[in-house]
Amino acid sequence: GTTWNIGTASNVFDKFTKTVYSKRENRWLAVGEGFYHTLASSDDGINWTGKGKIFSEKGISIHYGNDLSGNGVWVAVGKDKDLKKNIAWSTDNGDTWQNPLSIVERNPTDVLYALDRWWISGTTITGLFWSDDGKTWNNSQYKLNHWSGVFIVNSISYSEEIRSILSVGNSTNSSYNARVMFD
């Protein structure tokens, strides 16, 4: 952290929104906003290659994890005119991307791999969705006892030390709320 290098991403994005490194794949992937690209990859974190318009408007978040067989999967969320394309996944290290067959979350805000499961947050009344493989998604409203008040989840994070997920968002009872869900 004492020496910083300027990357060559200006030819890919106008704006980066999230960057993630997979040690297993030895690859960086990033999502953002750009005229030609909403996703980019890098093998060194400095030189970036655009991967096209995975989302028609912008990429919001990206994360790396596993499917049920232990194979690596990248999952990204973004804003697309076709609501089925607000979520995308790749099983070939970010070279090609696929989308769910139906709308999962109209306004995704974040994606995370934690507790051996994929999580997507959003601004619809459900708040969180989960998946075992990064491809097929389930509504978490009842599974996570989410009925307690948090409906619009702005971001999610995970703590390995206490094995819990923190979701931050708005609720019907207050303007801001935080919720910890234990494994």
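A few points on the structure. Since we're looking at a predicted model, the values are computed, not measured.

**Let's talk about the overall build of the protein**
Broken down by element type, the protein carries zero helices and 14 strands. In sequence order, the secondary structure elements of the protein are arranged as β-β-β-β-β-β-β-β-β-β-β-β-β-β. Counting every position in the protein, which comprises 183 residues, the buried fraction comes to 48%. For the protein, restricting intrachain contacts to residue pairs at least 6 apart in sequence, the fraction spanning at least 24 positions comes to 37%.

**Comments concerning the sheet that holds strand E7 (residues 87–90)**
The strand order across the open sheet built from three strands is E5-E6-E7, with neighbouring strands paired in antiparallel fashion. For this open sheet the edge positions go to strand E5 (58–66) and E7, each flanked by a neighbour on one side alone. The mean inter-strand angle of the sheet, taken between neighbouring strand axes irrespective of direction, is 20°. Here strand E6 (residues 72–79) pairs with E7 via four bridges, running antiparallel. Along E7, the bridge assignment pairs tryptophan 74 with serine 90.

**Details of the sheet that holds strand E4 (residues 49–50)**
With antiparallel pairing, the four strands of this open sheet are ordered in space as E1-E2-E3-E4. Of all the strands in the sheet, the pair left with one neighbour each is strand E1 (15–22) and E4. Direction of pairing for strand E3 (residues 39–42) relative to E4: antiparallel, over a ladder of two bridges. Bridge pairing links serine 41 to threonine 49 in E4.

**Observations regarding the packing of aromatic side chains**
Tallying each qualifying case throughout the model produces six aromatic pairs. With 4.8 Å between their ring centres and 85° between their planes, phenylalanine 13 and phenylalanine 16 make a pair best called edge-to-face. Given a relative accessible area of 4%, phenylalanine 13 falls into the buried group. Taking the relative accessible area as the measure of exposure, phenylalanine 16 reaches 32% and is therefore partly exposed. Consider the rings of tyrosine 21 and tryptophan 28, whose centres lie 5.0 Å apart with planes at 45°: the pair is tilted.

**Regarding the pairing of strand E10 (residues 128–131)**
Across the two faces of E10 the burial is the same, with Leu128 and Trp130 and Phe129 and Ser131 all buried. Here strand E9 (residues 117–122) pairs with E10 via four bridges, running antiparallel. The residue of E10 that forms the bridge with tryptophan 119 is tryptophan 130. As defined by bridge partners, E10 adjoins strand E11 (residues 138–139) across two bridges and the pair is classed as antiparallel. Residue pairing across strands places phenylalanine 129 opposite asparagine 139, the latter belonging to E11. Between the antiparallel neighbours E10 and E11 lie six residues, among them glycine 134 with a positive phi of about 85°.

**Notes on the side chain of serine 90**
Within the secondary structure layout, serine 90 lies in strand E7. Classification of serine 90 by relative accessible area gives buried; the value is 1%. A distance of 2.9 Å separates a polar side-chain atom of serine 90 from the backbone nitrogen of glycine 94. Setting aside chain neighbours within four positions, we find serine 90 in contact with Gly72, Val73, Trp74, Asp95, Thr96 and Trp97.

**Quick look at the pattern of salt bridges**
As enumerated under the stated definition, the model contains six salt bridges in all. One salt bridge in this structure joins lysine 18 and aspartate 110, with 3.6 Å as the shortest N-O distance. Pair noted here: lysine 18 is in strand E1 and aspartate 110 is in strand E8 (residues 108–114), with a separation of 92 residues, a long-range link. Lysine 18 sits in the partly exposed class, given a relative accessible area of 25%. For aspartate 110, a relative accessible area of 9% puts it in the buried group. Where aspartate 43 meets arginine 27, a salt bridge forms, and the shortest distance between an N and an O atom there is 3.5 Å. Taken together, the positions of aspartate 43 in the loop between E3 and E4 and arginine 27 in strand E2 (residues 27–33) put the pair 16 residues apart, joining distant regions of the chain. For arginine 27, a relative accessible area of 13% puts it in the buried group. Several salt bridges converge on common partners, so that one network encompasses Arg27, Asp43, Lys51 and Asp95.

Parameters and conventions
Residues numbered from 1 in each chain as written. Predicted model: local features only at pLDDT ≥ 70, side-chain atom pairs only at ≥ 80, totals over all residues. Heavy atoms only, no water. Helix = DSSP H or I, 4+ residues; strand = E, 2+ residues; numbered from the N terminus. Buried < 20%, exposed > 50% of the residue type's maximum accessible area, 1.4 Å probe, protein only. Contact = heavy atoms within 4.5 Å. Pairing = 2+ DSSP bridges. Axes fitted to C-alpha atoms, helices over the stretch in contact; angles between N-to-C directions. Phe/Tyr/Trp six-rings, centres within 6.5 Å; stacked < 30°, edge-to-face > 60°. Polar contact = N/O pair within 3.5 Å; in protein donor to acceptor, adjacent residues only side chain to side chain. Salt bridge = Lys/Arg side-chain N within 4 Å of Asp/Glu carboxyl O.

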